[in-house]
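Listed below, chain by chain, are the residues.
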Amino acid sequence: MIKPKLVDLVSHSDKRGFLSVLSPIQTAFPSEINRIYILHHSNPESERGGHAHPNLWQMIFCTSGTVTIEVATPNESYIYELSECEKALIIPPGYWRTLYNFTPKTVLVVLADREYEDTVYIRNFKDYANWFNTNARESLDNN
Ligand code: TYD
């Protein structure tokens, strides 16, 4: 199992403002992009996520505000703080994720390599732990 990764965006600023770039995208995100969705008008008291994708790559950009993202397996957990256009978070297949500490202005742009398929989500942590123990643990040990 490949570890999650934060990658830096390169910012160019002048009197017109900032322009932030991640290129070439393939060095950071090894799959093709087939879907983009945007989380916006967030309720700061709410959490999102709370599920795992067995076979989906995602890359998350925070283009406004801030957010905290926990990326976990049953054995370990990584906490990332994303803020406006500084870094992108890449989440490989197989991790449980929870997004929280939204501000009202938080906007997240999420790139994914597969179409939306509700049926391949794992939405219960106990089911995820079972899935992890049978599918992902050996692959994680080997990386
Ligand atoms: P949900 O999975 O609950 O969002 P999150 O992962 O942020 O917790 O999705 C919310 C709704 O949006 C749900 O009705 C499914 C729908 N949806 C799509 O139609 N396409 C998508 O690509 C995504 C991510 C969600």
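Conventions adopted
- Residues numbered from 1 in each chain as written.
- Predicted model: local features only at pLDDT ≥ 70, side-chain atom pairs only at ≥ 80, totals over all residues.
- Heavy atoms only, no water.
- Core = buried A, V, L, I, M, F, W, Y, C linked by side-chain atoms within 4.5 Å.
- Buried < 20%, exposed > 50% of the residue type's maximum accessible area, 1.4 Å probe, protein only.
- Helix = DSSP H or I, 4+ residues; strand = E, 2+ residues; numbered from the N terminus.
- Contact = heavy atoms within 4.5 Å.
- Patch = residues over 30% accessible without salt bridge, like charges linked within 9 Å, V, L, I, M, F, W, Y side chains within 5 Å.
- Areas by Shrake-Rupley, 256 points an atom, 1.4 Å probe, with all protein chains shown as cover.
- Salt bridge = Lys/Arg side-chain N within 4 Å of Asp/Glu carboxyl O.
- Pairing = 2+ DSSP bridges.
- Axes fitted to C-alpha atoms, helices over the stretch in contact; angles between N-to-C directions.
- Near = heavy atom within 4 Å.
- Polar contact = N/O pair within 3.5 Å; in protein donor to acceptor, adjacent residues only side chain to side chain.
- Nonpolar A, V, L, I, M, F, W, Y, C, P; charged D, E, K, R; others polar.

What follows deals with the nonpolar core. Grouped together as the largest cluster of nonpolar side chains are 23 residues, with contacts concentrated most on Ile-60, Ile-69, Val-71, Leu-82, Leu-89, Leu-108 and Tyr-128. Elements with a minimum of two residues in this core: strand E6 (58–64), strand E7 (66–72), strand E8 (77–83), strand E9 (87–91), strand E10 (96–100), strand E11 (107–112) and helix H1 (125–141). Apart from the residues lying within four places of it in its own chain, the contact partners of Leu-89 are Lys-5, Leu-6, Gln-58, Met-59, Ile-60, Ile-69, Val-71, Tyr-80 and Leu-82.

Nonpolar side chains collect at one region of the surface, where Ile-33, Ile-36 and Ile-38 lie side by side and expose about 270 Å² of accessible area between them. Examined against the element boundaries, Ile-33 turns out to sit in the loop between strand E3 (17–21) and strand E4 (35–39). Note on Ile-33: relative accessible area 34%, which makes it partly exposed.

Below, the discussion takes up the sheet that holds E9. If you trace the 5 strands from one edge of the open sheet to the other, you get E1-E9-E6-E11-E4, paired in antiparallel fashion. Each of the sheet's edge strands pairs with one partner strand only, and the pair in question is strand E1 (5–8) and E4. Between one strand axis and the next, the sheet turns by 25 degrees as a mean value, whatever way the strands run. Summarising the sheet, E6 and E9 pair through 4 bridges and their orientation is antiparallel. Pairing of Ile-60 across the sheet is with Leu-89, part of E9.

Let us look at the site of the ligand. Close to the ligand lie Arg-35, Tyr-37, Leu-39, Arg-48, Gly-49, His-51, Tyr-116 and Tyr-121, which account for all nearby residues. One nitrogen or oxygen atom from the side chain of Arg-35 is found 2.5 Å from an oxygen atom belonging to the ligand. Arg-48 places a polar side-chain atom, nitrogen or oxygen, 2.7 Å from an oxygen atom of the ligand. Considered on its own, the ligand offers 520 Å² of accessible surface; in the complex 59% of this is hidden by protein. Taken together, the elements giving at least two residues each to the shell around the ligand come down to E4 and strand E5 (48–52). For the shell around the ligand, a count of residues per class yields 4 nonpolar, 2 polar and 2 charged.

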